[in-house]
Amino acid sequence: MSMVAASPGNLISVQAMPSHPVFQMRYRKVVVQSPATIANFGPGFDSFGLCLESPRDRVAMRLEPDGSRSVRILGEHDLPTEPGLNSASFAAMRMAEMCGEGDVGFSLTLRKGMKPGSGIGSSAASSVGGALAMARLLGCRDRALILEASAMGEELISGTRHFDNVAAALYGGFTFVTCGDEVEVVRISPPDFQIVVLLPDIEIRTSDARKVLPKTVPLAHAVDNLSWAAGVVHSMMRKDLDALAKNMNDRLSLPYRRELIPGFDSVCESALDAGALAVSIGGSGPAVFAIARKGAPRIKKAMVDSLWNTARLGSVSFVTSPGKGARVESIS
Ligand code: HSE
């Protein structure tokens, strides 16, 4: 990781371009946990990401000296166990290649902590978990490389190499990604607030949710998003929740994607009536999230009831907060 700027206060900026990995001690077994994230976070399409304290995926990985590779999935979700098709193992293999160890054998066990295809960065959590686990086993601590390998795992599942979820999952807090010639990630420590997440019982593939977006947008809509995005970054830095809520708008993706989520408008209205400060779509949906200073359980109930009453859709819902990035639980 190369630091290209620092301060004021809570802001760091890192270049996410692969550099030359520095190798340290190798290990044999590692357990890593990697969090759910909310990409876009209002106006920041494909750039903003907020790391959630929970839920988290857990990746356990062991190097296999005989070169064999296997993937095991624990939990209720059905995911591919072919190493080339699973985002965690795919990212792990890309990580190994970047470390010059493309033939390395491993056994990976992924305990999914979140529902895939729900808009809270499931594939990113697994990808970051796989890439980080492999990096640590091979003695590599280069976060730019880990980010790059994670984005490849994300691309395998969603069809595009967007960095918003993986950056937030790896670095934690609130992140934004600039995509010029070089990808750069900026992390800001967010203020404390409550986040209510509602996952309606439907699945929306990111690739499908991207197809409903227009190729070009009116200049006025781009200008609105620019100002809101600046407002979100500024209010995150100032830890000003009221200003944050005022800027949680979006004219680039939300107007098109709301149609994919039955009952979306009623759910938003109910959340705001129950005391939420702002409501938006998590990533490419169908997740809907609300931010609040207090009263999260009441807001959650209002959202769940509203989804059921207007669209007859069940849901999974939970309350969380901004969280820390992926971390190693144990290594030996
Ligand atoms: N930025 C991506 C999108 C996130 O909105 O399509 C997908 O999780």
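Everything that follows concerns the structure shown earlier in this document.
None of these values were measured; they are calculated from a predicted model.

Observations regarding helix 6 (residues 219–238)
So, point 1. Over its 20 residues, helix 6 extends 29 Å from the first C-alpha to the last, a length consistent with the 28 Å expected when each residue adds 1.5 Å.
So, point 2. Listed as buried for helix 6 are His-221, Asn-225, Trp-228, Ala-229, Gly-231, Val-232, Val-233, Ser-235 and Met-236.
So, point 3. One or two positions beyond helix 6, positive phi appears at Lys-239, with a value near 55 degrees.

Describing the site of the ligand
So, point 1. Taken together, the neighbourhood of the ligand is formed by Ala-39, Asn-40, Phe-45, Asp-46, His-162, Asp-164, Asn-165, Thr-206, Arg-210, Arg-257, Gly-283 and Ser-284.
So, point 2. One nitrogen or oxygen atom from the side chain of Asn-40 is found 2.8 Å from an oxygen atom belonging to the ligand.
So, point 3. Note that an oxygen atom of the ligand is positioned 3.0 Å from one of the side-chain N or O atoms of Asn-165.
So, point 4. For the ligand, the accessible surface in isolation is 260 Å², of which the surrounding protein chains cover 96%.
So, point 5. Those elements that place two or more of their residues in the shell around the ligand are helix 4 (164–171) and helix 5 (206–211).
So, point 6. Each residue belonging to the shell around the ligand can be placed in one class, and the counts come to 2 nonpolar, 6 polar and 4 charged.

A closer look at the sheet that holds strand 11 (residues 288–292)
So, point 1. Read from one edge to the other, the open sheet built from 4 strands follows the order 10-11-9-12, with strand pairing classed as antiparallel. Edge positions in the open sheet fall to strand 10 (278–281) and strand 12 (315–320), since each of these has one partner strand only. For this sheet, the mean inter-axis angle between neighbouring strands, taken without regard to orientation, is 15 degrees.
So, point 2. Judged from the 6 bridges that link them, strand 9 (residues 194–200) and strand 12 form a sheet pairing that is antiparallel. The residue of strand 12 that forms the bridge with Pro-200 is Ser-315.
So, point 3. Its contacts with the sheet put helix 9 (residues 264–273) on strand 9, strand 10 and strand 11, and the angle it makes with strand 10 is roughly 155 degrees.
So, point 4. Across the face of the sheet, helix 10 (residues 296–311) comes into contact with strand 9, strand 11 and strand 12 while running at roughly 20 degrees to strand 9.

Here we look at the pairing of strand 6 (residues 105–111)
Looking along a regular strand, one sees the side chains alternate between the two faces of the sheet.
So, point 1. With 6 of 7 residues buried, strand 6 is to be regarded as a mostly interior element.
So, point 2. The sheet contact formed by strand 4 (residues 48–64) and strand 6 spans 7 bridges and is antiparallel. Bridge pairing in strand 6 places Glu-64 opposite Gly-105.
So, point 3. In the sheet, strand 5 (residues 69–74) pairs with strand 6 via 6 bridges, with the strands oriented parallel. By the bridge assignment for strand 6, Ile-73 is matched with Leu-110.

Here we look at helix 1 (residues 87–98)
So, point 1. The end-to-end C-alpha distance of helix 1 is 16 Å, a good match for the 16 Å that 12 residues give at a rise of 1.5 Å each.
So, point 2. The buried fraction of helix 1 is high, at 10 of 12 residues.
So, point 3. Regarding helix 1, the residues found buried are Ser-87, Ala-88, Ser-89, Phe-90, Ala-91, Ala-92, Met-93, Arg-94, Met-95 and Ala-96.
So, point 4. Packing partners of the buried residues in helix 1 comprise strand 4, strand 5, strand 6, helix 2 (122–137) and helix 3 (143–158).
So, point 5. The backbone nitrogen of Ala-88 has a side-chain oxygen 2.9 Å away, supplied by the residue at the start of helix 1, namely Asn-86.
So, point 6. The positive-phi residue at the C-terminal boundary of helix 1 is Gly-100, with phi of around 75 degrees.

Examining the pattern of salt bridges
It is possible for side chains bearing opposite charge to pair when their charged atoms get close.
So, point 1. One pass over the full model with this rule turns up 17 salt bridges.
So, point 2. We note a salt bridge from Glu-148 to Arg-161, for which the minimum N-O separation is 2.7 Å. Note that Glu-148 is positioned in helix 3 and Arg-161 in the loop between helix 3 and helix 4, a separation of 13 residues in sequence.
So, point 3. The class of Glu-148 is buried, set by a relative accessible area of 12%.
So, point 4. Residue classification places Arg-161 among the partly exposed positions, given a relative accessible area of 35%.
So, point 5. Residues participating in the shared-partner salt-bridge network are Glu-53, Arg-56 and Arg-327.

Quick notes on the packing of aromatic side chains
So, point 1. For the coordinates displayed, the defined rule picks out 4 aromatic pairs.
So, point 2. With 5.3 Å between their ring centres and 15 degrees between their planes, Phe-41 and Phe-289 make a pair best called stacked. Here Phe-41 is found in the loop between strand 3 (29–39) and strand 4, whereas its partner Phe-289 is found in strand 11, with 248 residues between them in sequence.
So, point 3. A residue is classified by how much of its surface remains accessible, and Phe-41, at 0% relative accessible area, is buried.
So, point 4. What makes Phe-289 buried here is its relative accessible area of 1%.
So, point 5. Between Phe-48 and Phe-174, the ring centres sit 5.0 Å apart and the planes meet at 70 degrees, which makes this aromatic pair edge-to-face. Here Phe-174 lies in strand 7 (residues 174–179) and Phe-48 lies in strand 4, a separation of 126 residues in the sequence.
So, point 6. Taking the relative accessible area as the measure of exposure, Phe-174 reaches 0% and is therefore buried.
So, point 7. Taken together, Phe-41, Phe-48, Phe-174, Phe-176 and Phe-289 form an aromatic cluster joined through their ring pairs.
So, point 8. In this structure, Arg-94 is placed above the aromatic ring of Phe-90, and the distance from its NZ or CZ to the ring centre is 4.5 Å.

Here is what the cut-offs are and how they apply
Residues numbered from 1 in each chain as written. Predicted model: local features only at pLDDT ≥ 70, side-chain atom pairs only at ≥ 80, totals over all residues. Heavy atoms only, no water. Helix = DSSP H or I, 4+ residues; strand = E, 2+ residues; numbered from the N terminus. Expected span 1.5 Å × (residues − 1). Buried < 20%, exposed > 50% of the residue type's maximum accessible area, 1.4 Å probe, protein only. Near = heavy atom within 4 Å. Polar contact = N/O pair within 3.5 Å; in protein donor to acceptor, adjacent residues only side chain to side chain. Areas by Shrake-Rupley, 256 points an atom, 1.4 Å probe, with all protein chains shown as cover. Nonpolar A, V, L, I, M, F, W, Y, C, P; charged D, E, K, R; others polar. Pairing = 2+ DSSP bridges. Axes fitted to C-alpha atoms, helices over the stretch in contact; angles between N-to-C directions. Contact = heavy atoms within 4.5 Å. Salt bridge = Lys/Arg side-chain N within 4 Å of Asp/Glu carboxyl O. Phe/Tyr/Trp six-rings, centres within 6.5 Å; stacked < 30°, edge-to-face > 60°. Lys NZ or Arg CZ within 6 Å of the ring centre and 35° of its normal.

These figures capture arrangement, not role.
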